[in-house]
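# Understanding the architecture of this molecule
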Amino acid sequence: MELERELESGKAKDAAASVGKQRDGFTTALGVIAATLGSAVGLGNIWKFPSITGQNGGAAFIIVYLISTLLVGLPVMITEQMLGRKARKDAISTLRELAPKKQPWWLAGAAGVLAAFLIMAFYTEVAGWVFAYIYKSVVGGFLSTDPAVTSQAFVDLITNPMQSLLWQWVVLVVIGAILMMGVSKGIEATTKRLMPILFVLLVAIGIRSLTLEGAGEGLRFLLQPDFSKVTWTTVLVAMGLAFFKLSTGMGTMITYGSYFREEQNIPGTATKVMLADLLVSMLAGIAIFPAVFAFGFEVDAGPSLLFITIPAVFASMPLGNIFMVLFFILAGIAATGAMLSLLEVPVAFINEKMHISRPVATVITVVLLALIGSTAALSSSTLADVKIFGFTFFDLFDYTTSNILLPVGGLFIALFAGWVWGKDRIVDALTNSGALKNEWVVKAFYVVIKFVTPVLLILVLLRGLSII
Ligand code: TRP
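In this report, we go over the structure that sits alongside the text. (Residues numbered from 1 in each chain as written. Predicted model: local features only at pLDDT ≥ 70, side-chain atom pairs only at ≥ 80, totals over all residues. Heavy atoms only, no water.)

### A closer look at the site of the ligand
Our working rule: Being near a molecule or strand, for a residue, means having at least one of its heavy atoms within 4 Å of it. Pairs of N or O atoms within 3.5 Å make up the polar contacts considered here, provided that, within protein, one atom can donate a hydrogen while the other can accept it, and that residues adjacent in sequence are counted only when both atoms are side-chain atoms. Numbering goes from the N terminus for both helices and strands, where a helix is a DSSP run of H or I of at least four residues and a strand is a run of E of at least two. For this classification, the nonpolar set comprises Ala, Val, Leu, Ile, Met, Phe, Trp, Tyr, Cys and Pro, the charged set comprises Asp, Glu, Lys and Arg, and every other residue, Gly included, is treated as polar.
The immediate surroundings of the ligand are formed by 16 residues, with A40, G44, Y123, F244 and K245 found nearest. A distance of 2.9 Å is found between a nitrogen atom of the ligand and a backbone nitrogen or oxygen belonging to A40. Between the ligand and S341 there is a distance of 3.3 Å, counted from a nitrogen atom to a side-chain nitrogen or oxygen. When residues in the shell around the ligand are grouped by element, the largest group, three residues, is from helix 15 (residues 320-353). A class-by-class count of the residues in the shell around the ligand yields nine nonpolar, six polar and one charged.

Written out as structure tokens, the structure reads:
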């Protein structure tokens, strides 16, 4: 009954949206922050950030990552939100509407919808492993201090085609159900509830890890830079992570920006989200590295750090089983907010552009994803031998999105804003037509988005394609 009423009111809203009356959106300033932070915080903080930091020498990498975030990630995030709020449409239609006629900037939006599917294809699989680990750590019988045993448990999971697909579908059903409820009742309400829980869990686990004997070494690894470890590759990886982390380069922030309130302070909001996201990454590092060092595990395990090293680390500490359940719940919460924002890009497009009701648009998107995602889900089992450019589907989607699609998308969005849309419109949009007294911030932002961000992105792309 409840669901039916939801669906009915959803339909009414969609109809209203199509005649331009009442479009669903975020309702409060806090809701905007919760949803946007919910998008930024994700497996990027809990899975990618620690594993990449571990492989790239710790603190020195974090500094390069920080610079990439300030000069590339944050400016593109602000730009996307600004364009989205201006047009109040899905990502493709936003760029089409704001660009001069006949200039194909909307292609950047279309590339974004494609990127959303490719990211979700592998992201739902990793999220599926997280959900599986919550279940397994609650049911028990899963703890071992021996990485060989935890490694076997992980391999058993990912090489089992049925289990891989099943957990991915569980994830898709959960995300689909929330999205069907709409922007304010689904995305905003969920992230507003989950984000505080995430912080509490993270701090609790961080304290546990820091109070272990021998935790100091891990902390030093996180905070004391050794610049001899920094190479071009480090810079490339840091830039890719900065984009991935802030959900930029593919229209997510355009779509969310289109739900922002008219009076929202965009540069302020984006900066707060960026800082809070960084805090989550550092807290995740603090939860993980001291414990990894204290028990003498390898820091450079890479992507398997979360699923092989971490369980062994938790098994080594007192009350480890409880902390392990909490840790994977935390990872599941983080992944959920991020996936809502990824899927919202195609859902909004199908809903508004093709005039298909939101619930149906959600079902279409989820079914498409189950199909595309299955190639990633099966890439450690049935499809393990299928390689494209030497990558399995899983690695292909991960690599091409972070290193090519997101930076290219970000480059076009920056070029469009700086060189086509222009200074006057930017100043007007970001000062809320003069209501905010932040003109110098906006002017500095303008110089960065027009010159600095594009040049850095072009350099990184050329390097990524091995041209320089
Ligand atoms: N930022 C999320 C994370 O770090 C992932 C994510 C959500 C994302 N939306 C995105 C990445 C859009 C790129 C583009 O886990």
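### Quick look at the environment of V237
Threshold: For every residue, the accessible area (1.4 Å probe, protein chains only) is compared with the maximum for its type, and the residue is labelled buried under 20%, exposed over 50%, or partly exposed between those bounds. Any two residues whose heavy atoms approach within 4.5 Å are treated as being in contact.
With respect to the secondary-structure elements, V237 resides in helix 11 (residues 232-245). With a relative accessible area of 25%, V237 lands in the partly exposed category. With residues near it in sequence (within four places) discarded, V237 still touches I52, N56 and F61.

### With respect to the pattern of salt bridges
What counts, and what does not: Any carboxyl oxygen of Asp or Glu that lies within 4 Å of a side-chain nitrogen of Lys or Arg is treated as forming a salt bridge with it.
For the structure on display, the rule yields ten salt bridges. Here R88 and E262 are joined by a salt bridge, their closest N and O atoms 2.8 Å apart. Residue R88 is found in the loop between helix 4 (59-87) and helix 5 (91-98), and its partner E262 is found in the loop between helix 12 (252-257) and helix 13 (266-294); the two are separated by 174 residues along the sequence. The closest approach of N and O atoms between K229 and D226, which form a salt bridge, is 3.5 Å. The class for K229 is partly exposed, based on a relative accessible area of 44%.

### Focus: a nonpolar patch on the surface
Rule in force here: Only residues whose relative accessible area exceeds 30% and that form no salt bridge enter a patch; like-charged residues are grouped when within 9 Å of one another, and nonpolar side chains (Val, Leu, Ile, Met, Phe, Trp, Tyr) when within 5 Å. A 1.4 Å probe and the Shrake-Rupley method give the accessible areas. Residues count as covered only by the protein chains that appear here.
On the surface, a cluster of nonpolar side chains totalling about 720 Å² of accessible area is made up of W232, Y399, I404, V455, L459, L465, I467 and I468. Looking at the nonpolar patch, the elements that each hand over two or more residues are helix 17 (393-421) and helix 19 (439-464). Relative to the helices and strands, V455 is located in helix 19.

### Topic: the nonpolar core
Let me state the cut-off plainly: Within this scheme, the nonpolar core is defined by two criteria: the residues are buried Ala, Val, Leu, Ile, Met, Phe, Trp, Tyr or Cys, and they are joined through side-chain atoms within 4.5 Å.
Core analysis: the biggest nonpolar cluster contains 156 residues, and F26, M82, Y123, F307, F327 and I426 have the highest contact counts within it. In terms of residue count, the dominant contributor to this core is helix 15 (19 residues). With residues up to four places along the chain from it excluded, the contact list for F307 reads W47, V126, W129, V130, Y133, T150, F154 and F328.

### Focus: unusual backbone geometry
Even without being a glycine, K102 presents a positive backbone phi close to 75°. Structurally, K102 can be placed in the loop between helix 5 and helix 6 (106-139). Even without being glycine, H355 reaches a positive phi, approximately 55°.

### Brief notes about helix 18 (residues 423-430)
We count it as follows: The arc refers to the directions leading from the helix axis to the C-beta atoms.
Buried within helix 18 we find I426, V427, A429 and L430. Buried residues in helix 18, looked at end-on, bunch into an arc of 165°, giving them a common side. Its buried side turned inward, helix 18 meets helix 4, helix 13, helix 17 and helix 19. Following helix 18 by one or two positions, N432 adopts a phi angle in the positive range, close to 50°.

### Quick word on the packing of aromatic side chains
Two aromatic rings are characterised by how far apart their centres lie and by the angle between their planes. Formally: Aromatic pairs are defined between Phe, Tyr and Trp rings, using the six-membered ring for Trp, whenever the two ring centres lie within 6.5 Å; interplanar angles under 30 degrees are classed as stacked, those over 60 as edge-to-face, and all others as tilted. The criterion is that NZ of a Lys, or CZ of an Arg, lies within 6 Å of the ring centre and within 35 degrees of the ring normal, and then a charge sits over that ring.
Summed over the entire model, instances satisfying the criterion amount to 24 aromatic pairs. With a centroid separation of 5.4 Å and 50° between ring planes, the pair formed by W105 and F416 is classed as tilted. Of this pair, W105 sits in the loop between helix 5 and helix 6 while F416 sits in helix 17, placing them 311 residues apart in sequence. Residue classification places W105 among the buried residues on the basis of a relative accessible area of 17%. With relative accessibility at 0%, the residue F416 sits in the buried group. On the basis of an interplanar angle of 85° and a centroid distance of 5.4 Å, the ring pair of W129 and F307 is categorised as edge-to-face. With W129 in helix 6 and F307 in the loop between helix 13 and helix 14 (309-316), the pair connects residues that are 178 residues apart, well separated along the chain. F307 sits in the buried class, given a relative accessible area of 0%. Members of the aromatic cluster, each reached through a chain of ring pairs, are F122, W129, Y133, F154, F307, F314, F327, F328 and F394. For K48, the ring lying beneath its charged end belongs to F244, and the centroid distance is 4.6 Å.

### A few points about the environment of V113
As for its position among the elements, V113 is in helix 6. Separated by 137 residues in the primary sequence, V113 and M250 place their C-alpha atoms 7.0 Å from one another. Among residues more than four places away in sequence, those in contact with V113 are I92, M250, V345 and P346.

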